[in-house]
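Here are the chains, one letter per residue:
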Amino acid sequence: MEYDDTETARELAKRVREFVDERVIPVERDYLGDGPVPDEEIAALREEARERDLYAPQIPAEYGGQGLNFRDVLPAFEEAGRSLLGPSAMRIAAPDEGNMHTLELVGTEAQKEEYLRPLVAGEIRSGFSMTEPAPGGGSDPKMIRSEARKEGDEWVIDGHKWWTTQGSEADVLIVMARTDPEAHPYEGTSLFLVPADADGVEIVRDIPHVGGDLLGSSHAEIRYENVRVPEENLLGEKNRGFEHAQQRLGPARLTHCMRYTGMATRALEVAKAYTKEREAFDSSLSEKQSVRFTVAEAETRLHAVRTMVRDAAGRIAAGEEARIPVSMSKVYTANVVQDVIDDCLQLCGGNGIAKDLPLADFYEDVRAFRLIDGADEVHKRVIARDAYRDVEPSAIEGITEFKG
Ligand SMILES: Cc1cc2nc3c(=O)[nH]c(=O)nc-3n(C[C@H](O)[C@H](O)[C@H](O)COP(=O)(O)OP(=O)(O)OC[C@H]3O[C@@H](n4cnc5c(N)ncnc54)[C@H](O)[C@@H]3O)c2cc1C
């Protein structure tokens, strides 16, 4: 299927596909069922991505990337997502990708030198610490309880967070905390760059969870107790943390959509190959109508997803916030890719859950997508609020009686 991608975007995506097929998938095969993939293997893939001019296409050239716009990196992100290792190999994996974007948008020059440059180079790792256990903020971020108070020329942070992806491995954590307890949280919360080795940062535990066998990244529960950081570690403007988080989360939700679309596309490639080869009841499985309908349905829904995400990404590249198109893309993509991967697994029979194929890891990994960066229900809430904004009572004007 052809999309309205630019020549630059197509050319990059084609090279990413070759890289993933030739270099990334063989490494993935070696470690399926036997992960996590060691850091040295990821480093070697990154080296090759650099040699092939595929590394960090979303980052400005001055910080070690290729400076492509958000819409032009989209097909490359999809292609990279065909393997769980592809995004890491190209330095476009969450959460570093979103954190680098935040630093690029609102970081000071000094912060960019200290954190963005080594993050792009893959020399350090980062986490984004926003979600809190009850009674703190989860789906409703207004409930955030972590606080930062100013003492002299330092910020002192106290808080309790969890689900900080890569929290245990991170060198720096972006922490969200209230800085004006009197104000509405949306107007009284800020972001801070907290070195992971700062006194008072305690990794309570890595939360045991579904998935992650291949990459092995943690989702950490973290306590911040009396953590002192210098004044200049405020990231962005004081009290504008929610706005900055939104600037991060909008594009980050879409890059998740792109990578997961790639994952579902690969699942379908595998399922089509399997059903074409495998026979039952005197013919290839690919000749059975119910199999063909499942594949047709998956192709159709993935086409809808790709089109939708391109629309939202194009709006973001043009400078729109695109809140509703992003929420619609996020919730729709998360459900489609989950269903498609589940169907593909079924089409491959017992092999679907064997770790000889990548489908079992995809199946485990994809489930979190309906929760991360805003669960389905939260995005539907946003979409519905907008849908009810301009309701016209005249739409039922003249109807005096509802017939059952
Ligand atoms: C794998 C993974 C990685 C993550 N990484 C990070 C990270 O790096 N940094 C970070 O800060 N957070 C991270 N999170 C946290 C994630 O953003 C939250 O899990 C998510 O926002 C939901 O919050 P919660 O878990 O507190 O759910 P809760 O707020 O407890 O919600 C529970 C359920 O209630 C539903 N619900 C909420 N409101 C309504 C409503 N009005 N109507 C109907 N249903 C509703 C929710 O949708 C959800 O299904 C991660 C989570 C996972 C699973």
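Residues numbered from 1 in each chain as written. Predicted model: local features only at pLDDT ≥ 70, side-chain atom pairs only at ≥ 80, totals over all residues. Heavy atoms only, no water.

What follows covers the overall build of the protein. Each helix and strand counted, the protein has eleven helices and ten strands in total. A globule of 404 residues ought to have a C-alpha radius of gyration of about 22 Å, and the protein, at 22 Å, matches this closely. Dimensions along the principal axes, computed over C-alpha positions, put the protein at roughly 80 × 70 × 40 Å. For the protein, buried positions account for 50% of its 404 residues. Of the roughly 19200 Å² of accessible surface on the protein, a fraction of 49% belongs to carbon and sulfur atoms. One finds the centroid of the 49 positive side-chain charges in the protein at a distance of 4 Å from the centroid of its 77 negative side-chain charges. (Helix = DSSP H or I, 4+ residues; strand = E, 2+ residues; numbered from the N terminus. Rg over C-alpha atoms; globule rule 2.2 N^0.38 Å. Buried < 20%, exposed > 50% of the residue type's maximum accessible area, 1.4 Å probe, protein only. Areas by Shrake-Rupley, 256 points an atom, 1.4 Å probe, with all protein chains shown as cover. Lys, Arg positive; Asp, Glu negative; His and termini not counted. Charge placed at Lys NZ, Arg CZ, Asp CG, Glu CD.)

The next subject is unusual backbone geometry. A negative phi holds for most residues other than glycine; trans holds for most peptide bonds. Cis geometry is adopted by the peptide bond preceding Pro36, which originates at Gly35 and carries an omega value of 0°. With respect to the helices and strands, the residue Pro36 is situated in the loop between helix H1 (7-31) and helix H2 (39-51). Positioned with a positive phi, Asn239 is a non-glycine residue whose angle comes to about 70°. Tracing the backbone through its elements, the reader meets Asn239 in the loop between strand E8 (234-235) and helix H7 (241-277). A relative accessible area of 19% places Asn239 in the buried class. In this model, Ala322 sits at a positive phi of 55°, which is unusual for a non-glycine residue.

Here the structure, examined in full by the defined rule, presents one cavity of 30 Å³ or more. Its volume calculated, the largest cavity comes out at about 50 Å³. Taken together, Met130, Thr131, Glu132, Gly137, Gly138, Pro141, Ile144, Met176 and Phe242 make up the full set of residues lining the largest cavity. Split into classes, the residues belonging to the lining of the largest cavity amount to five nonpolar, three polar and one charged. (1 Å grid on protein atoms, 1.4 Å probe; cavity = no way out; pocket = protein on both sides within 12 Å on 5 of 7 lines; lining within 4 Å. Points joined across faces, edges and corners; volume = space filled by probe spheres on them. Nonpolar A, V, L, I, M, F, W, Y, C, P; charged D, E, K, R; others polar.)

The next subject is the site of the ligand. The environment of the ligand is formed by 16 residues, the closest being Phe128, Thr131, Trp163, Thr165 and Glu377. In the environment of the ligand, a nitrogen atom lies 2.9 Å from a nitrogen or oxygen atom belonging to the backbone of Trp163. A distance of 2.7 Å separates a nitrogen atom of the ligand from a polar side-chain atom of Thr165. Isolated, the ligand exposes 980 Å² of accessible area, and the fraction of that covered by the protein chains is 63%. Taken together, the elements giving at least two residues each to the shell around the ligand come down to strand E3 (154-165) and helix H11 (376-387). The element best represented in the shell around the ligand is E3, accounting for three residues. Looking at the shell around the ligand residue by residue, the class counts come to seven nonpolar, six polar and three charged. Three or more residues apiece are contributed to the shell around the ligand by two domains, here domain 2 (126-235) and domain 3 (242-387). (Near = heavy atom within 4 Å. Polar contact = N/O pair within 3.5 Å; in protein donor to acceptor, adjacent residues only side chain to side chain. Domains from an automatic or database assignment.)

Along its sequence, the protein is organised into domain 1 (7-93), domain 2 (126-235) and domain 3 (242-387). Here the C-alpha centroids of domain 2 and domain 3 sit 30 Å apart. When the two sides are added together, the surface that domain 2 and domain 3 hide from each other amounts to roughly 1000 Å², 70% of it contributed by carbon and sulfur. Between domain 2 and domain 3 we count one salt bridge in total. (Buried area = accessible area lost by both parts, 1.4 Å probe. Salt bridge = Lys/Arg side-chain N within 4 Å of Asp/Glu carboxyl O.)

Next up on the list: the environment of Gly35. By the secondary structure assignment, Gly35 is in the loop between H1 and H2. Remark: the alpha-carbon pair of Gly35 and Asp213, spanning 178 residues in sequence, is separated by 5.5 Å.

Centre-to-centre distance and the angle between the planes together describe a pair of aromatic rings. With the rule as written, the count across this model stands at three aromatic pairs. For the ring pair Tyr186 and Phe242, a centre distance of 4.7 Å and an interplane angle of 70° mean the geometry is edge-to-face. Pair noted here: Tyr186 is in the loop between strand E4 (172-178) and strand E5 (189-195) and Phe242 is in helix H7, with a separation of 56 residues, a long-range link. The class for Tyr186 is partly exposed, based on a relative accessible area of 40%. (Phe/Tyr/Trp six-rings, centres within 6.5 Å; stacked < 30°, edge-to-face > 60°.)

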